[in-house]
Amino acid sequence: MLEPCPLFINGEWIAPKLPGTPVFNPSIGEVIAECPAGGISEVNAAVEAAAAAFPAWMETPPVERARVLFRFRTLLEENFEDLVRCNTREHGKTLAESRGDVKRGIEMVEFACGVPSLLMGEVLENVARGIDCEAIRQPLGVCAGITPFNFPAMVPLWMYPIALVCGNTFVLKPSEKVPLTAIKIVRLLEKAGLPKGVLNIVHGGREVVDGLLTHPKVRAISFVGSTPIAKHIYEVGTKHGKRVQCGGGAKNFVLLMPDADVQNSTRGVIEAAFGCAGERCMAGSTAVVLGEAEKTVLPTLIEATRKIRVGPTDREAQPDMGALITKQHREHVLELIETGVKEGAKIPADGRGVKVSEAPNGFFVGATILDHVRNTMTVAREEIFGPVLNVMRVKDLDAAIELANRSNYGNGASIFTRSGKAAREFKHRINCGMVGINIGVPASMAWFAFNGWNDSFFGDLHMQGREGVQFFTQQKVTTSRWFSYGEGDIWHKEK
Ligand code: NAD
């Protein structure tokens, strides 16, 4: 029996009318649901519902809006394991990784609960004699969010908790590959008392997204996904007068200095490269090995990679690493590995032929290292988004920074070292928005901007933190002067 995948419009859960695309359990390669291909009529209905709900939601005091999120947070905690299992079932990541995914999402809700203090404005008295100036923040109206497959719980929660607490209404279009966790989470928000129409869900692909991008009543678009689609969303959305923030793909560098602590840096790189089977925009997908680190850290790293156990994640016994999202993506990753080898890379850890006897139809690729990768190779330029670590060797820190700074992307970069001076130099000169020092995945927490640069982000204001609040609000500046006390005032005499 397939799991239902309804739309949510104006507080009603609606069975889809159109057929859709399969949602798999990647661990076993079986279809578990069908995500409907929505159409323009559903987009219009969802946007109209959000537009109708906006005036009353905007007038709801921020503290009351936040209270809905407080109840939502409690429900997320109470249903934590259920969400984790749903997340793992449709995505394929391990239960521990799904716990991280849901936990990060809950942190976004916790941040949003405190947003009323960030909505406070500014006042300057006497900008001229007897004239005061104040700036306040108001919501935009209907906002929309389009999300990727790789964090089914967390990424939608980057968007709508902040949008809603700021007083906006919202239309969410989750990834058609993982719609079930997003639906489960919104059911909890409904239970927390969110009024009808304040949040709506539509499903589908390009037609639905373009419908949202061009709808005159949508004021802002929040997108996370691959770089080519992010660029498209940014261009079309801004052309239609919308405020747009788009997180894109990435290629993140991890520098291994000769003085790096071998055990800690190995653990850090393994987690960064192979966590979530490399399907992370913050995956540390390139290890840059400096000088003697090729004799200290690299052999340990190769050995540890060969030991990574791959397997199905939808049962109690957990492997180290799960499956990739679809059969097509698995094939794409395998093709890229082949290309890397053809273009001259060595392959000291080879995950191509991995066999998983307990789940022979799962979409598995084993943990792979491509060594001696050069900048000109396809695997050095393209985001692989799978369990593949490129290794590049350089002589010193200058060369390593120069290499990393040549990338078009700019999400994250890390350094493993015992030298404060080297770490400081790296932090200062590296051309990306999130930096790790002895941290493999420097993904910023809810209170900070999720801070991609270059082709990893299009827009001005990032998701999360204060920038998230600025994105979902517009400022109003009032300059005021009062000439008299007015007739009703019995306490003062006109001067
Ligand atoms: P994707 O770009 O294929 O899809 C993302 C969303 O866009 C989905 O909802 C999808 O339905 C929609 N979409 C797909 N094709 C479209 C089209 N032609 N027109 C309009 N909409 C379209 O991305 P994905 O494969 O789901 O996710 C993986 C990508 O997301 C990776 O590149 C990863 O690096 C990136 N990502 C980035 C961040 C970040 O913060 N920068 C975070 C997570 C994932």
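Analysis parameters
- Residues numbered from 1 in each chain as written.
- Predicted model: local features only at pLDDT ≥ 70, side-chain atom pairs only at ≥ 80, totals over all residues.
- Heavy atoms only, no water.
- Helix = DSSP H or I, 4+ residues; strand = E, 2+ residues; numbered from the N terminus.
- Rg over C-alpha atoms; globule rule 2.2 N^0.38 Å.
- Buried < 20%, exposed > 50% of the residue type's maximum accessible area, 1.4 Å probe, protein only.
- Areas by Shrake-Rupley, 256 points an atom, 1.4 Å probe, with all protein chains shown as cover.
- Lys, Arg positive; Asp, Glu negative; His and termini not counted.
- Charge placed at Lys NZ, Arg CZ, Asp CG, Glu CD.
- Axes fitted to C-alpha atoms, helices over the stretch in contact; angles between N-to-C directions.
- Parallel < 35°, antiparallel > 145°, perpendicular 65-115°, else oblique.
- Contact = heavy atoms within 4.5 Å.
- Nonpolar A, V, L, I, M, F, W, Y, C, P; charged D, E, K, R; others polar.
- Left-handed = near helix turned anticlockwise from the far one by under 90°.
- Pairing = 2+ DSSP bridges.
- Polar contact = N/O pair within 3.5 Å; in protein donor to acceptor, adjacent residues only side chain to side chain.
- Salt bridge = Lys/Arg side-chain N within 4 Å of Asp/Glu carboxyl O.
- Near = heavy atom within 4 Å.
- Domains from an automatic or database assignment.
- Expected span 1.5 Å × (residues − 1).
- Arc of directions from axis to C-beta.
- Buried area = accessible area lost by both parts, 1.4 Å probe.

A word on the overall build of the protein chain
Summing up its helical and strand segments, the protein chain has 15 helices and 20 strands in all. Against the 2.2 N^0.38 benchmark of 23 Å for 495 residues, the protein chain shows a C-alpha radius of gyration of 25 Å, consistent with a compact globule. Based on the C-alpha atoms only, the size of the protein chain along its principal axes is roughly 85 × 60 × 40 Å. Across the 495 residues in the protein chain, those meeting the buried criterion constitute 56%. Total accessible area on the protein chain stands at roughly 21,300 Å², and carbon and sulfur atoms take up 54% of it. The centroid of the 55 positive side-chain charges in the protein chain is displaced by 2 Å from the centroid of its 55 negative side-chain charges.

Digging into the packing of helix α4 (residues 95–113) against helix α5 (residues 154–165)
Where α4 contacts α5, the axes come no closer than 9 Å and their chain directions differ by 10°. Considering their axes alone, α4 and α5 lie roughly parallel with respect to each other. Of α5, the residues touching α4 (which contributes D101, R104, G105, I106, M108, V109, F111 and A112) are M154, L157, W158, P161, I162 and V165. Split into classes, the residues belonging to the contact of α4 with α5 amount to 11 nonpolar, 1 polar and 2 charged.

Topic: the packing of helix α2 (residues 62–78) against helix α6 (residues 179–191)
One can describe the packing of α2 onto α6 by two numbers: an axis separation of 8 Å at closest approach and a directional angle of 130°. Of the possible angle classes, the one that applies to α2 and α6 is oblique. You can see that α2 and α6 cross each other, and the crossing is right-handed. Where α2 approaches α6, its residues V68, L69, F72, L75 and L76 are matched on the opposing element by I185, L188, L189 and K191. Here the residues of the contact of α2 with α6 sort into 8 nonpolar, no polar and 1 charged.

Quick notes on the pairing of strand β5 (residues 122–128)
Across the 7 residues of β5, 0 count as buried, placing the element largely on the outside. In this sheet, strand β6 (residues 131–139) lies alongside β5 in antiparallel orientation, the contact comprising 4 bridges. Bridged to A128 within β6 is I131. Counted along the chain from β5 to the antiparallel partner β6, the turn is 2 residues long, and its residue G130 has a positive phi close to 75°.

A look at the environment of T169
One can find T169 in strand β8 (residues 169–173). A relative accessible area of 0% means that T169 is categorised as buried. For the pair T169 and I233, spaced 64 residues apart in sequence, the C-alpha separation works out to 20 Å. Excluding residues that lie within four positions of it along the chain, T169 makes contacts with A50, A51, A53, F54, W57, G141, V142, C143, L164, G197 and V198. One polar contact links the side chain of T169 to the main-chain carbonyl oxygen of A50, over a distance of 2.8 Å.

Describing the pattern of salt bridges
Under the definition given, this model contains 28 salt bridges. Note that K217 and E48 form a salt bridge whose closest N and O atoms lie 2.8 Å from each other. With K217 in the loop between α7 (206–214) and β10 (218–224) and E48 in helix α1 (residues 40–59), this residue pair connects regions lying 169 residues apart in the sequence.

Focus on unusual backbone geometry
Non-glycine residue N126 carries a positive phi angle of around 55°. By secondary structure assignment, the location of N126 is in strand β5.

A short note on the site of the ligand
Surveying the vicinity of the ligand reveals 27 residues, the closest of which are T147, E176, S226, G248 and E383. Between the ligand and K173, the relevant distance is 3.0 Å, taken from an oxygen atom to a side-chain nitrogen or oxygen of the residue. Between the ligand and the protein, one listed contact pairs an oxygen atom with a side-chain N or O atom of E383 at 2.6 Å. For the ligand, the protein covers 89% of the area, taking 850 Å² as the surface of the free molecule. Of all the secondary structure elements, the ones that give two or more residues to the shell around the ligand are α7 and β10. Three or more residues apiece are contributed to the shell around the ligand by two domains, here domain 1 (7–248 + 464–479) and domain 2 (253–437).

Considering helix α11 (residues 327–342)
Over its 16 residues, α11 runs 23 Å from end to end, which matches the ideal 22 Å to within 8%, given 1.5 Å per residue. Residues of α11 that are buried include every one of H329, V333, L334, L336, I337 and G340, and no others. Buried residues in α11, looked at end-on, bunch into an arc of 155°, giving them a common side. The outward face of α11, more than 90 degrees from its buried face, is lined by the exposed residues Q328, E335 and K342.

Details of helix α14 (residues 420–429)
Taken as a whole, α14 has its buried residues at A422, A423 and F426. Projected onto a plane normal to the axis of α14, the buried residues spread over an arc of 100° and lie on a single side. What points out from α14, more than 90 degrees from its buried face, is the exposed set G420, K421 and H428. In this structure, the buried side of α14 is in contact with β12 (253–256), α13 (397–405), β17 (412–416) and β18 (434–437).

Here's the deal with the domain arrangement of the protein chain
Here the domain parsing of the protein chain yields domain 1 (7–248 + 464–479) and domain 2 (253–437). On a C-alpha basis, the centroid separation for the pair domain 1 and domain 2 is 31 Å. Between domain 1 and domain 2, the residue contacts involve 22 residues of the former and 26 residues of the latter. Summed over both partners, the interface of domain 1 with domain 2 buries about 1,800 Å², with 61% contributed by carbon and sulfur atoms. Sorting the residues of domain 1 by area buried against domain 2 places P26, S27 and F149 first, and these three jointly supply 25% of that buried surface.

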